Amino acid sequence: MNTAKAPVSRNQTTRSTGAVKWILIGSAVLVLLWLIVLPLAVVITESLKKGWGVYVEAIRDPDALSALRLTLLVALITVPLNTIFGVAAAWAITKFRFRGKQLLVTLIDLPFAVSPVIGGLIYVLVYGAHGWFGPWLQAHDIKIIFALPGIILATMFVTFPFVARELIPLMEDQGQQEEEAAVTLGARGFRVFWKVTLPNIKWGLLYGIILCNARAMGEFGAVSVVSGHIRGETNTLPLHVEILYNEYQFSASFAVASLLLLLALVTLLLKGWFTRKSSH
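Residues numbered from 1 in each chain as written. Predicted model: local features only at pLDDT ≥ 70, side-chain atom pairs only at ≥ 80, totals over all residues. Heavy atoms only, no water.

## Here we look at the packing of aromatic side chains
Part 1 of the argument: Taken as a whole and assessed by the stated rule, the structure comprises 10 aromatic pairs.
Part 2 of the argument: Arranged with centres 5.9 Å apart and planes meeting at 85°, the rings of Tyr 248 and Phe 250 form a pair that is edge-to-face.
Part 3 of the argument: With relative accessibility at 35%, the residue Phe 250 sits in the partly exposed group.
Part 4 of the argument: Through a chain of ring-to-ring contacts, three or more aromatic side chains come together here, namely Tyr 123, Tyr 127, Phe 133 and Phe 157. (Phe/Tyr/Trp six-rings, centres within 6.5 Å; stacked < 30°, edge-to-face > 60°. Buried < 20%, exposed > 50% of the residue type's maximum accessible area, 1.4 Å probe, protein only.)

## Considerations on helix H7 (residues 148-159)
Part 1 of the argument: For H7, built from 12 residues, the straight-helix expectation of 16 Å at 1.5 Å per residue is met to within 8% by its first-to-last C-alpha distance of 16 Å.
Part 2 of the argument: For H7, the full list of buried residues reads Gly 150, Ile 151, Ile 152, Ala 154, Thr 155, Phe 157, Val 158 and Thr 159. (Helix = DSSP H or I, 4+ residues; strand = E, 2+ residues; numbered from the N terminus. Expected span 1.5 Å × (residues − 1).)

## Re the side chain of Asn 235
Part 1 of the argument: Positionally, Asn 235 belongs in the loop between helix H11 (221-227) and helix H12 (237-246).
Part 2 of the argument: By relative accessible area, which is 2% here, Asn 235 ends up buried.
Part 3 of the argument: Setting aside anything within four residues of it in sequence, one finds Asn 235 in contact with Ala 67, Leu 70, His 229, Ile 230, His 240 and Ile 243. (Contact = heavy atoms within 4.5 Å.)

## Some thoughts on the layout of surface pockets
Part 1 of the argument: Computed from the structure, the largest pocket encloses a volume of approximately 310 Å³.
Part 2 of the argument: Lining the largest pocket are 17 residues; nearest its centre among them are Ala 58, Leu 244, Gln 249, Ser 251 and Ala 252.
Part 3 of the argument: Per-class residue counts for the lining of the largest pocket are six nonpolar, three polar and eight charged. (1 Å grid on protein atoms, 1.4 Å probe; cavity = no way out; pocket = protein on both sides within 12 Å on 5 of 7 lines; lining within 4 Å. Points joined across faces, edges and corners; volume = space filled by probe spheres on them. Nonpolar A, V, L, I, M, F, W, Y, C, P; charged D, E, K, R; others polar.)

## Here we look at helix H8 (residues 161-174)
Part 1 of the argument: Its 14 residues give H8 an end-to-end C-alpha distance of 20 Å, which sits within 8% of 20 Å, the value for a rise of 1.5 Å per residue.
Part 2 of the argument: Those residues of H8 not exposed but buried are Pro 161, Phe 162, Val 163, Ala 164, Leu 167, Ile 168 and Met 171.

## Let's talk about the packing of helix H4 (residues 101-113) against H8
Part 1 of the argument: Here H4 crosses H8 at 125°, and the two axes come no closer than 9 Å. Classified by the angle their axes make, H4 and H8 are oblique. Crossing of H4 over H8 shows left-handed handedness. Seen from H4, the contacting residues are Val 105, Ile 108, Asp 109, Pro 111 and Phe 112; seen from H8, they are Pro 161, Phe 162, Ala 164, Arg 165 and Ile 168.
Part 2 of the argument: The residue makeup of the contact of H4 with H8, split by class, is eight nonpolar, no polar and two charged. (Axes fitted to C-alpha atoms, helices over the stretch in contact; angles between N-to-C directions. Parallel < 35°, antiparallel > 145°, perpendicular 65-115°, else oblique. Left-handed = near helix turned anticlockwise from the far one by under 90°.)

## Some points on unusual backbone geometry
Part 1 of the argument: Even without a glycine there, the phi angle at Phe 146 is positive, about 65°.
Part 2 of the argument: Examined against the element boundaries, Phe 146 turns out to sit in the loop between helix H6 (134-139) and H7.
Part 3 of the argument: At Tyr 248, a residue that is not glycine, the phi angle is positive and equals roughly 65°.
Part 4 of the argument: As for its position among the elements, Tyr 248 is in the loop between H12 and helix H13 (250-279).
Part 5 of the argument: Since its relative accessible area comes to 65%, Tyr 248 is described here as exposed.

## A closer look at the environment of Glu 242
Part 1 of the argument: By secondary structure assignment, the location of Glu 242 is in helix H12.
Part 2 of the argument: For the pair formed by Glu 242 and Val 256, sequence separation is 14 residues and the distance between their alpha carbons is 10.0 Å.
Part 3 of the argument: Non-local contacts of Glu 242, meaning those with residues more than four positions away in its chain, are made with Phe 220 and His 229.

## What to know about the pattern of salt bridges
Part 1 of the argument: Under the counting rule described, the total for this entry stands at four salt bridges.
Part 2 of the argument: For Asp 63, the salt bridge goes to Arg 231, with nearest N and O atoms at 4.0 Å. With Asp 63 in helix H3 (residues 62-95) and Arg 231 in the loop between H11 and H12, this pair connects stretches of sequence that are 168 residues apart.
Part 3 of the argument: Overall, Arg 231 belongs to the partly exposed group, its relative accessible area being 34%. (Salt bridge = Lys/Arg side-chain N within 4 Å of Asp/Glu carboxyl O.)

Such coordinate-based values are descriptive only and should not be taken to indicate function.
Following this line, the structure appears as structure tokens:
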């Protein structure tokens, strides 16, 4: 009895592979349309539902402008600080040997594992009125929780891994040969960093900064816990959107949300540009 199987032709294999490819592509497109494109379309449609005048009025509202200023201010403070930390941490982890290196890497990854709400609650327990340092802060009239410093601390907590995590694998892949050559030629310390290390990581660094900035402007959970939701004072754009929506001001809430959408689109364009630059 002949049990040999007939060989599969190349055309059959090609057709089978092509069918799988188009099924996967179609599934990915449907998921993207459902999870990303449709919600974005809803934001734009609802923000303009009552006309351009209502949209502009919602954007020009003093509370909305205050939220926008606070959002940009927090990003302006937290992103440079996290950039300095991320570069220093990545440089230390990839270029030096020391005890506790793995612990440092674990601590950098901690905000990825902890809920942002828990991150905000930590600062309330430390700096709040009934926290560890609360009585001392009150005695010296220093406000951290329900004020700008608390918002900055909470935002820094959720965003500080981005720059470091972008640079660590990049710097590990590049190795230490160029730095060692620079040291052999007489360069030392920060001169090696500025002349050798920084030019090699500049696109990865900018990419990490973009991601850090996007998270800083869009953070909700941690900031919601420490802000106190004081309208016109401690509300960032995401918090202001929530307040307007809870007050049934749907068009105004979607109009303010469109500002975040615009910031996100700018971030994506910059991210794509830096990705293309870093790949060359």
